[in-house]
Every structure is written in C-alpha cells, then in structure tokens.
Amino acid sequence: MINAMKGCASSVKIVLRALATALGATALLMVLALAPMLEPSVYAEESSPYLVPATIADDCSADVTMELLDWINAVPDGSTLQFGPDACYQVEGSLYIRNRHNLVFDGNGATFQALTDGSGVAAPAPAYAHLWPRNRAHWLVDGGSSLTFRNMTVIGANPNAGAHIGYVAALEQQPGFELDGVNGATVENTTVSDVYGDFVYVGGNAKNVVVQGNHFDRSGRMGIAITYGQYVTVSGNYIYNAGRSMIDLEPALAYQEIHHIKVTHNDIGPHRLTFFANKGAGGNISDVEISYNEVTGTDINALVGIAEARRSNFKFNYNTGTGGFGSPHGALVFHNIDGIEVIGNSQRVGGSLPGVHSGVAVQLIGSTDVEVRDNVFARLESPSLTQYGPVTVISADGASSNYVHCNNITNYGGVPPASDGSGPCSPTPDTVNPTVPGNVKATAVSASQIHLVWTAATDDNRVASYRIYRDGAEVGATSGTTYSDAQLTPLTAYAYTIKARDPAGNMSAASAIVEVTTLASGVLFHDDFEDGSADGWTETRGAWTVTAAGAGNVYESVEDPLAGIPFAETLVGDSDWTDYAVEAEIRPLAFRGDGAIRLYADYQNSNNHYLFQYNNKLHQLSIVRRVGGTATALAQKSFALSAGTPYTVKAVTYGGGLSFYVNGTLELTASDSSLAAGRTGLYVKGVDVQIDNVFVTQFDLEAPSAPTALTAVAVSDSEAELSWTASTDNIGVAGYKLYRDGMEVATVTAASYHDRGLAAATAYSYTVKAFDAAGNMSAASNAALVTTLAFVLFADDFEDGSADGWSAPHGTWSVVTVNGNRVYEALDDAGVVGSYAETYAGNGAWTDYTMEVRIQPLSFAGDGSLRLLARYQNNNNYYLFQYNNKLGNLYIQKRIGAATTVLAQKSFTLATGNWYTFRVALNGSELSFSIDGIEQLTATDTGLEAGKFGFYLKDTGAYLDDVQVRH
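Residues numbered from 1 in each chain as written. Predicted model: local features only at pLDDT ≥ 70, side-chain atom pairs only at ≥ 80, totals over all residues. Heavy atoms only, no water.

**Here we look at the overall build of the protein**
Threshold: Helix numbering and strand numbering both begin at the N terminus, where a helix is a DSSP run of H or I of at least 4 residues and a strand a DSSP run of E of at least 2. Note on contacts: a residue pair is in contact if any heavy atoms of the two residues lie within 4.5 Å. Using a 1.4 Å probe, the Shrake-Rupley method yields the accessible areas, and only the shown protein chains count as cover for residues.
Helices and strands together make up the secondary structure of the protein, namely three helices and 77 strands. Considering only intrachain contacts with a sequence separation of at least 6, the fraction spanning at least 24 residues in the protein is 70%. Split by element, the accessible area of the protein, about 38600 Å² in all, is 50% carbon and sulfur.

Put into structure tokens, the structure is as follows:
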C-alpha cells in the first residue's frame with residue numbers, strides 16, 4: 001500500500017528522420033579527421049496514432065500486400081497502427097516487419113486473408129526468394145523489438161488444415177505469425193485459422209515473446225513451433241486442430257538453443273501427432289514448463305529429447321487429458337533429459353490402440369533426476385478388457401537414474417483407483433550446494449561482446465546450469481562452461497561472476513570477480529587466445545590448437561594431408577561484414593614445397609573471396625580475386641618472409657579498394673568491387689604457422705540517424721519514462737546518450753530509459769543522441785518536455801496480501817493470487833442475478849483527481865455491469881463511469897439526490913477473461929472516461945465537487961489490480 005502525492009504530466013512527440021551519405025574509399029584519408037563532425041539533417045512530422053489509409057481496399061476484393069507494406073513502412077517507430085474496424089484485407093504475400101521497434105499493430109477487428117498459396121506474388125525480400133512460397137508467413141517479423149499484434153484475424157488458404165491431408169511439405173512454413181530474432185513481441189486476442197504452417201513460429205533467437213488470449217484453429221503443421229528462442233510464454237489460448245504436433249520445440253542446428261519456455265492454462269484440442277514434441281537435433285533446451293493445460297480429444301502425450309543431445313529441466317504439471325486413444329509407447333517419453341517433474345496430471349495411458357498394450361505412463365531413456373507424483377493415470381479399456389494389466393507408472397532403461405514415483409492413482413479395465421504402491425515421496429532432500437566455478441576468464445572480442453570461459457563446478461548430484469552475473473545482475477544462463485555476452489558498450493568496464501546451480505535449485509557461491517573492458521569502437525573481433533580457447537573460429541581443414549608459446553598462447557595450424565595436397569584453413573566472422581581491416585601476427589614455422597600463407601577477406605565461400613597471399617616458392621606477395629571459382633591476380637610484387645620470424649600482416653577492403661600491409665608498410669593496392677562483404681580467415685599450404693592478436697576493425701565515417709519521436713512520461717513524483725524511435729546506421733547503432741536540461745545523464749543501448757531521482761512537480765527537457773561503434777554521434781532528437789507528478793493520493797497493487805484502506809459493505813472482496821500476482825477479487829452477494837458488490841476508499845474531501853485501475857471481468861449475468869464511482873459522498877450522490885454488458889454501452893452518469901442522469905454514452909463491448917485499464921479523470925467540471933489509453937467519453941457537470949472513489953459491480957465477478965488515484 002502506498003499513500004503519497006502525485007500530479008499530472010504532459011508529453012510532446014515529434015518524429016525526426018536522418019539522412020546520411022556513405023563515403024567512397026578514395027575519400028577515406030581526407031575525412032578521417034572530420035568524421036566526428038559529420039551530422040545528418042533532420043525534419044519533423046506528425047506522430048502516432050496512425051489509421052490505415054481509406055484508399056486501401058478493405059473488402060478482400062484485391063491483394064493489398066504492397067499497399068499495406070508501403071503504409072506500414074511509412075509509419076515511424078513508437079506508434080500504434082490501427083486498421084479498419086471489421087475490415088477484410090486480402091494479403092497474398094507476407095506483411096514483412098523488419099527491424100522495427102515499439103509498434104502496436106491494432107487490427108481493430110480486421111481480417112487478413114489469403115485466397116492463394118502465395119505462389120503468384122513476389123517474396124518480401126531476396127533472402128526469402130529461394131524458398132518462396134514455402135516460407136510465406138502471413139505476418140513476418142525479422143528483428144526489431146517491442147512489437148504487439150492484437151485484435152485481428154488471420155486466415156490462410158489451406159482448405160484441409162487440421163486434417164491428415166492438410167500438411168503440405170512444399171508449403172509447410174507458412175505460419176500465421178513468424179517471429180524471427182525479435183526482442184519483445186506479443187500476439188494477443190488474435191484468431192488464426194486455415195494456415196499451411198504453424199499458428200505461431202518463433203525462431204532466430206527471438207526473446208521475450210508472449211502469445212496469450214488467442215483463438216487458433218486448423219493448421220497444416222504445428223500449433224506453436226519454436227526453433228531458436230528464449231523466454232517464450234504461451235498462455236490462455238484456445239489451440240485446436242493442429243495438422244501435426246501442438247507444441248513443438250525443435251532446434252535444427254547446433255547453435256540454435258531454446259530456454260525458458262512456459263506453456264500454461266491453454267485449452268488444447270485435437271492434433272494428429274503429439275501434444276508436445278521436442279525432437280530437433282540442434283542445440284541445448286532447458287527450463288521448459290508445461291502446466292495447467294486442458295487437452296481435449298487426446299492425451300497429454302509427449303516425445304521429449306533425442307539420442308544425440310542432453311537437455312534439462314522439464315516440468316509437466318497439473319495438465320488434464322480428457323479423451324483420446326493414449327500414446328502407443330508412454331504417455332510421456334523423456335530421452336536424455338536431466339531434471340524432470342511430472343506432478344498432478346490427469347492422464348490417459350496407452351493401450352487401446354490395436355496391438356498396443358504397453359500401459360506406460362512415463363518412459364525414461366537415459367534420463368536422470370525424475371519425480372512423478374500425485375497424478376491420475378487411467379486406462380482406456382472397457383471393464384471387460386482387464387487382461388491388459390495395470391498401468392506402469394515409470395518404465396526406465398539402464399541408463400536412467402535417480403527417479404521416484406509416488407502417490408499416483410492408477411486404474412484400468414474398470415478396476416477402482418488405487419495407490420501405485422510406491423508409498424509417499426520422501427527422497428533424501430538435496431541441500432548440498434555445488435562447488436564454485438573456477439578459473440573464470442573474460443576476453444573482450446569486440447567493442448560490444450565479451451567471451452567468458454571457466455572450469456566446471458562439481459556437485460553431489462550434478463550441475464544443471466551456470467548463471468552469469470554482470471555487475472551484480474543476472475544476464476544469462478548456460479549448461480556449458482562458456483558464455484558470450486553481447487550488445488555491450490564500447491570501451492566500458494564490466495565485472496563478471498559465475499554461479500553453479502544443481503537440479504534441486506541449490507546455488508554455489510559466486511566465483512571470483514573478473515573485470516574486463518570492451519574494445520574500442522569499430523572493433524568487430526579480437527582474439528589473443530589467452531583464455532585458452534578459439535571460440536568463434538570455424539576450423540574447416542587441418543588441426544588447429546591453442547598452444548603455449550613464450551609467455552602467452554597462440555593459435556597453431558597443423559596441415560591435413562588430403563589427396564597429396566596438405567593445407568589447413570580456419571574462418572571467423574559474419575557474412576555481412578563490410579569495409580574492414582583484418583590484422584594478425586603470423587609466424588611461419590617451416591616452409592615446404594609451394595608453401596603459401598593466405599589471409600582471406602570478404603570470404604563468402606570457397607569459390608568467392610579475396611585473398612592476400614604470400615607464396616614462398618615464388619617469394620611473392622599478391623592480392624587475388626576469386627569469383628565463381630576463377631582466380632585473378634589483381635596486384636603482386638616480389639617479397640621474402642623468413643621461417644621462425646613473426647610478421648604483422650594486415651588486409652584492408654574498403655569501398656572497392658584493397659590494401660596489403662606487412663609490418664605496417666603498405667606493400668600492395670588494388671581496386672575491385674566484385675565482392676562487398678564476407679568473413680575473414682587464414683589458409684596455409686606447405687607451412688605450419690602460429691597466429692596471435694587478431695583484430696578485425698571496421699571503417700565507419702557515417703553517423704547514425706537522429707533518434708525520433710522522443711516522449712517523456714512522468715510515472716511518479718521523482719521518475720520519468722523515456723522512449724524513442726530507434727536510430728539507424730550504415731553499420732549499426734551502438735547506443736544512446738541521454739541529456740536532461742542539456743546535461744548528459746546516462747548512456748543506454750535500448751531505445752528507452754527510466755530516469756529517477758527527480759524533483760516533484762518540476763519541469764524537465766530531454767534530448768537523445770545515437771552513437772555507433774566508431775564513435776560517430778547523431779544529431780539530437782526532438783526535445784521532450786515533462787513535468788513530474790505532484791501528489792499520489794492512493795495506490796494499491798495488493799502485493800502485500802491485504803486490502804487495508806478499503807471498506808466493502810456489499811459482496812465478497814478478497815485478495816487472491818492469480819498467475820503469481822495478487823489481485824482484488826470481487827464476487828457479488830449471492831452469485832445470482834440482481835446481486836451486487838461494492839467497495840470504497842479515499843477521502844471525502846478529495847476534489848480533482850485521476851483514478852486508474854486494471855480490471856479483468858470474469859463473468860456477466862443479467863444486467864451485468866462494472867461501475868467506477870468518483871466524488872462519492874453517499875449512496876445517493878456520486879459520479880459513475882459505467883460499462884453495461886446487457887446494453888453493450890459505456891456511460892458517464894451522475895447520481896444526485898437518488899436521481900440518475902446520463903451525461904454521455906456510446907456502444908462498447910468488453911470480453912470476459914481479458915484485462916482492461918480503466919481511467920477516469922475529474923478536473924473541475926470536466927469529466928473523462930478512457931479504456932486502454934483511448935479516451936471513450938467526456939462530459940461537463942458541476943453537480944458534485946468532492947468525494948471518495950470506489951467500485952460497484954452488479955451481476956458481475958471481476959479481478960481488480962494496480963489502483964492509483966492522483967491529484
């Protein structure tokens with residue numbers, strides 16, 4: 001409970017755009033000194049909200065994919081895009097949302113429908129063209145952050161979706177929503193049906209994804225599919241008739257990992273394969289919770305894990321299977337999983353399929369640390385088929401260990417339920433902490449990335465994971481002993497510690513602190529091999545090892561004889577690296593035959609790259625272009641290197657210019673623009689080498705665009721929330737600098753900031769500038785003005801478990817826990833038509849104030865209505881801001897002397913089970929009523945000047961939370 005004082009706030013939103021011009025290679029030396037002075041020009045324009053243009057056909061009479069994309073791309077980040085109410089947009093391509101930030105796509109009840117499989121339209125980008133239309137996603141998100149999709153219907157063109165023939169391999173990757181690489185995405189209150197692919201697909205290491213409150217029916221492939229992502233929640237959805245499995249976690253490649261997945265409180269319908277599938281042969285999967293789901297028409301069967309990889313920490317708790325035929329193997333099959341809970345489920349068990357009589361509830365293959373308790377496992381046979389025997393709770397192979405089952409109820413063939421006979425669960429509790437991870441080393445590999453490596457901890461059971469802490473805050477977890485921390489700020493010091501965690505949740509003490517500073521701006525990659533590893537390198541030929549040499553470590557090659565042509569090769573970097581210099585210390589150990597050393601640049605594949613070469617037989621340096629497998633010498637000269645002597649070699653590719661340096665001296669130059677981007681690496685033939693101190697530095701003279709649409713909102717008497725539209729840059733934005741009243745106050749990487757420690761009721765002016773990894777600074781954003789709030793009269797989020805300060809003369813009011821949060825629950829007197837509940841708080845002397853509350857209606861009956869009371873003096877004198885479910889209306893009304901007068905009204909619909917934010921404001925005679933941030937009604941009246949506030953619910957049950965009253 002908080003009782004303090006707050007006031008009112010205002011914000012200004014102006015959209016700015018920046019224009020930047022790339023510089024050619026010939027101008028490089030002339031402008032290096034001037035680079036920090038380059039600034040783009042800007043101009044202002046109107047900002048959100050944005051309504052879909054009326055010129056775009058909204059009756060599904062023509063394909064409007066391109067028209068919608070043109071409009072979407074023209075709307076600045078930080079906006080709400082609103083479509084036509086109940087409109088129908090024919091979309092045969094993909095609505096491609098790439099690298100956008102802080103956008104809300106409000107369908108407003110609109111439908112987005114495909115009438116064809118997409119083969120007659122173009123792919124949204126070249127990267128998708130080679131698989132088109134197999135990968136036609138109806139909504140396609142590629143990168144970006146903080147995106148919301150809501151209140152819309154997506155209809156695919158699959159006439160057989162949900163049935164056996166609905167799966168079409170050539171079109172299987174056509175989901176309703178595809179979320180790739182986004183950080184923060186919400187899909188809520190949408191309907192998806194008749195798609196060839198999944199309802200929702202998550203990949204590209206997407207993070208912080210929420211899929212909630214949707215209606216999904218009839219897919220051609222999976223229900224929800226995740227191939228590469230973290231922190232994904234699938235909650236409160238209706239998901240029916242998936243063409244294959246309902247929930248599918250399937251990383252395909254070694255680097256793809258899936259962590260922190262929660263699938264809870266969903267209504268799950270029929271599906272052809274399994275309820276939960278996890279079979280992909282890719283990277284690690286951990287921390288998966290499947291809980292409180294109700295599965296209709298089948299059991300809660302699952303196939304979890306594979307032979308090739310170990311995965312960890314799976315929970316299947318309190319799910320209910322209400323029908324179906326049972327799984328032919330085990331209801332829940334776990335393969336190479338460490339850490340499993342199966343608790344409180346009501347489950348059908350296999351045995352009714354012809355010839356299948358296994359009757360196994362949980363099958364373990366090479367799995368450990370398993371607890372199965374308090375479940376009901378039931379056979380499907382009729383009472384006459386008792387020959388199939390009782391249910392087997394756990395079937396385990398010899399490689400499984402440390403498993404227990406107890407307090408489960410089994411029945412079969414009509415036999416009354418009975419205990420499974422294993423007795424109460426009473427394993428010896430694990431209270432032993434793992435040992436501390438040792439020898440933590442941290443290496444800055446670029447201006448924005450630090451690589452960590454440590455020695456494994458030990459435990460009396462096993463170590464399940466390691467938690468990584470940066471400057472005292474947890475930033476990641478892994479089951480291995482290495483971790484790469486990215487998106488850091490250049491030339492910034494960070495302190496790291498590591499803790500080990502076992503399956504029981506016991507945590508080790510923190511490791512010793514290790515401090516490291518990120519590299520200077522523009523450094524794409526650095527490796528001195530002092531951490532004893534070569535992480536990031538791909539060794540394609542030969543044997544490469546990190547070995548001691550002198551006082552440090554080096555990266556050494558040993559050739560791989562192959563068809564009489566010995567050579568070794570290693571690569572590093574990203575395929576989109578452009579305009580960079582790669583420098584390395586290279587020490588040839590001994591030359592043999594045609595001994596050659598080649599430094600790669602713009603390496604795309606073995607047939608397309610530049611190579612900066614030394615040939616010992618010819619005693620020659622050369623710059624060579626290899627395109628389409630054909631090698632062409634662009635420049636060459638006589639030169640001699642000596643075995644056993646270290647050399648600093650540097651290759652530069654910039655804007656079509658190529659340069660080759662040895663020991664700091666420019667030896668060769670050439671011009672060629674055949675290749676624009678690619679990795680780097682080293683190739684050696686007829687010679688063993690040692691390399692060290694590898695640096696890849698990017699040339700960048702272009703400043704980012706100015707941040708746009710900066711807004712500042714006061715959230716308390718001492719805090720302001722700032723957000724803005726992200727800047728763009730030719731290479732990438734490294735971060736933002738925040739200025740308050742002209743003084744720098746913070747540096748951040750996200751397009752938002754929470755400013756604290758401000759004075760109450762005080763005006764402030766903010767601006768933001770973006771900078772890139774090379775230190776180029778943008779022009780300033782627009783100025784955002786804000787005044788901190790004055791007085792908070794009353795606030796309650798009920799997290800203390802009490803309702804102190806409230807009086808509740810009617811109905812049943814109680815603080816309850818819902819999905820881990822405490823809320824104020826209202827139930828009418830008798831739960832019947834005509835009954836009501838009311839509660840009040842505050843002071844009768846309060847005059848002008850704003851009241852805000854989150855409300856989730858649970859049920860409506862009869863005249864069901866929700867009423868917010870303001871300036872409440874007694875039962876006969878107050879203002880009421882009402883939603884009436886029977887009439888489908890919102891009202892502002894006054895009640896004076898027991899007579900009620902309507903001041904304003906409009907049609908409106910609320911749905912049970914959804915959360916809404918109600919806000920009423922009273923300022924003198926002015927009254928307003930808003931829902932979810934949109935003003936719905938206003939009125940003017942002078943009848944009441946002061947009074948308390950409260951809530952009145954008739955024929956209605958509801959949850960209330962986050963109540964705030966401000967003056």
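Let us keep going from here.
**Some points on the nonpolar core**
Here is the rule: The nonpolar core is taken to be a set of buried Ala, Val, Leu, Ile, Met, Phe, Trp, Tyr and Cys residues, with the residues joined through side-chain atoms within 4.5 Å. For every residue, the accessible area obtained with a 1.4 Å probe (protein chains only) is divided by the maximum for its type, and the residue is called buried under 20%, exposed over 50%, and partly exposed between those limits.
Counting 84 residues, the largest nonpolar core has Leu68, Tyr89, Trp139, Phe276 and Phe334 as its most contacted members. Within the second largest apolar cluster, 43 residues are counted, among which are Trp806, Tyr849, Phe908 and Val963.

**Focus on the confidence of the model for the protein**
Filter applied, for reference: Confidence of the prediction at every residue is given by pLDDT, a number between 0 and 100.
On average, residues of the protein carry a pLDDT of 84, and 88% of them reach 70 or more. For the stretch residues 351–357, pLDDT sits under 50, and the model shows 15 contacts to residues farther than four places along the chain or on other chains. Considering only residues more than four positions removed or in separate chains, one finds that residues 412–423, a stretch of pLDDT under 50, has 31 contacts.

**Describing unusual backbone geometry**
With an omega of 0°, the peptide bond running from Trp132 to Pro133 counts as cis. With respect to the helices and strands, Pro133 occurs in the loop between helix H3 (126–129) and strand S9 (139–142). The phi dihedral of Asp194 is positive, around 60°, even though this residue is not glycine. Take Asp194: it is sitting in strand S12 (residues 183–195). Judged by its relative accessible area of 15%, Asp194 falls in the buried class. Its identity is not glycine, yet Asp374 carries a phi of approximately 60°, on the positive side. Looking at where Asp374 falls in the secondary structure, it is placed in the loop between strand S32 (368–373) and strand S33 (376–378). On the basis of relative accessible area, Asp374 is assigned to the partly exposed category, the value being 35%.

**Digging into the packing of aromatic side chains**
Any pair of aromatic rings gets described here by the distance separating the centres and the angle formed by the planes. For clarity, the cut-off: By convention, a stacked pair of Phe, Tyr or Trp rings (six-membered ring in the case of Trp) has centres within 6.5 Å and planes under 30 degrees apart, an edge-to-face pair has planes over 60 apart, and any other such pair is tilted.
Here the structure, examined in full by the defined rule, presents 47 aromatic pairs. Relative to Tyr580, the ring of Trp577 has its centre 5.8 Å away and its plane inclined at 70°; by these criteria the two rings are edge-to-face. Residue Trp577 shares its accessibility class with Tyr580, and that shared class is buried. Consider the rings of Trp813 and Tyr824, whose centres lie 5.0 Å apart with planes at 45°: the pair is tilted.

**Notes on the state of the cysteines**
In plain terms, the rule: Our working definition of a disulfide is a cysteine sulfur pair at a distance within 2.5 Å.
Scanning all chains against the criterion turns up one disulfide. Note on cysteine connectivity: Cys60 is disulfide-linked to Cys88, with sulfurs 1.9 Å apart. Between Cys60 and Cys88, the S-S dihedral sits near -75°, and the bridge is therefore left-handed. In this pair, Cys60 sits in strand S4 (residues 59–63) while Cys88 sits in strand S6 (residues 88–90), placing the two residues 28 residues apart along the sequence. Taken individually, Cys60 and Cys88 each receive the classification buried, so the pair is uniform in this respect.

**A word on the sheet that holds strand S59 (residues 720–725)**
As a general point, the strands of a sheet are linked pairwise by backbone hydrogen bonds and lie either parallel or antiparallel. Operational definition: For two strands to be treated as a pair, DSSP must find no fewer than two bridges joining them. Where helices are involved, their axes are fitted lines through C-alpha atoms of the stretch in contact, as for all axes, and angles between N-to-C directions lie from 0 to 180°.
With respect to topology, three strands assemble into an open sheet ordered S58-S59-S62, the strand pairing being antiparallel. Of all strands in the sheet, those bounded by a partner on one side alone are strand S58 (708–714) and strand S62 (752–755). Mean inter-strand twist for the sheet, computed between neighbouring axes without regard to direction, equals 15°. Bridge analysis of S58 against S59 gives five bridges, and the strand direction is antiparallel. Along S59, the bridge assignment pairs Thr708 with Thr725.

**Focus: the environment of Asp299**
Considering the arrangement of structural elements, one finds Asp299 in the loop between strand S24 (294–295) and strand S25 (302–304). Along the chain, Asp299 and Thr320 lie 21 residues apart, while their C-alpha atoms are 8.0 Å from each other.

**Comments concerning a negative patch on the surface**
Short version of the rule: Patches draw on residues past 30% relative accessible area with no salt bridge. Two like charges within 9 Å are joined, as are two nonpolar side chains (Val, Leu, Ile, Met, Phe, Trp, Tyr) within 5 Å. The salt bridge criterion pairs a side-chain nitrogen of Lys or Arg with a carboxyl oxygen of Asp or Glu, the two atoms within 4 Å. Only four residue types enter the charge count, namely Lys and Arg as positive and Asp and Glu as negative; His and the chain termini do not. Where a charge lies is defined by one atom per residue type, namely NZ (Lys), CZ (Arg), CG (Asp) and CD (Glu).
Taken together, the side chains of Asp797, Glu799, Asp800 and Asp804 present a region of like negative charge at the surface. Looking at the secondary structure, you find Glu799 in the loop between strand S65 (792–796) and strand S66 (807–810). A residue is classified by how much of its surface remains accessible, and Glu799, at 34% relative accessible area, is partly exposed.

**Some points on the pattern of salt bridges**
A pair can form between side chains of opposite charge whenever their charged atoms are brought close. Summed over the entire model, instances satisfying the criterion amount to 24 salt bridges. With its nearest N and O atoms 2.7 Å apart, the salt bridge here joins Arg310 to Asp338. Remark: Asp338 occurs in strand S29 (residues 337–343) and Arg310 occurs in the loop between S25 and strand S26 (311–317); sequence separation between them is 28 residues. Arg310 gets classed as partly exposed once you look at its relative accessible area, which sits at 41%.

**Topic: the sheet that holds strand S38 (residues 438–444)**
Ordered in space as S38-S39-S42, the three strands form an open sheet in which the pairing is antiparallel. Looking at strand neighbours, the two that pair on one side only are S38 and strand S42 (482–485), the edges of this open sheet. Put simply, the sheet's adjacent strands are angled 15° from each other on average, direction ignored. Note: S38 against strand S39 (residues 450–455), five bridges, orientation antiparallel. Bridge pairing in S39 places Thr443 opposite His451.

**Concerning helix H2 (residues 65–74)**
Let me state the cut-off plainly: Note: the arc covers the axis-to-C-beta directions of the helix.
Residues Thr65, Leu68, Leu69, Trp71 and Ile72 constitute the buried set of H2. Each buried residue of H2 sits inside an arc of 165° when the element is viewed along its axis, so together they form one side. Exposed residues lying more than 90 degrees from the buried face of H2 are Met66, Asp70 and Asn73.

**Details of the environment of Gly344**
In this structure, Gly344 sits in the loop between S29 and strand S30 (346–348). Discounting chain neighbours no more than four positions away, the residues touching Gly344 are Tyr318, Asn319, Arg373, Asp374 and Asn375.

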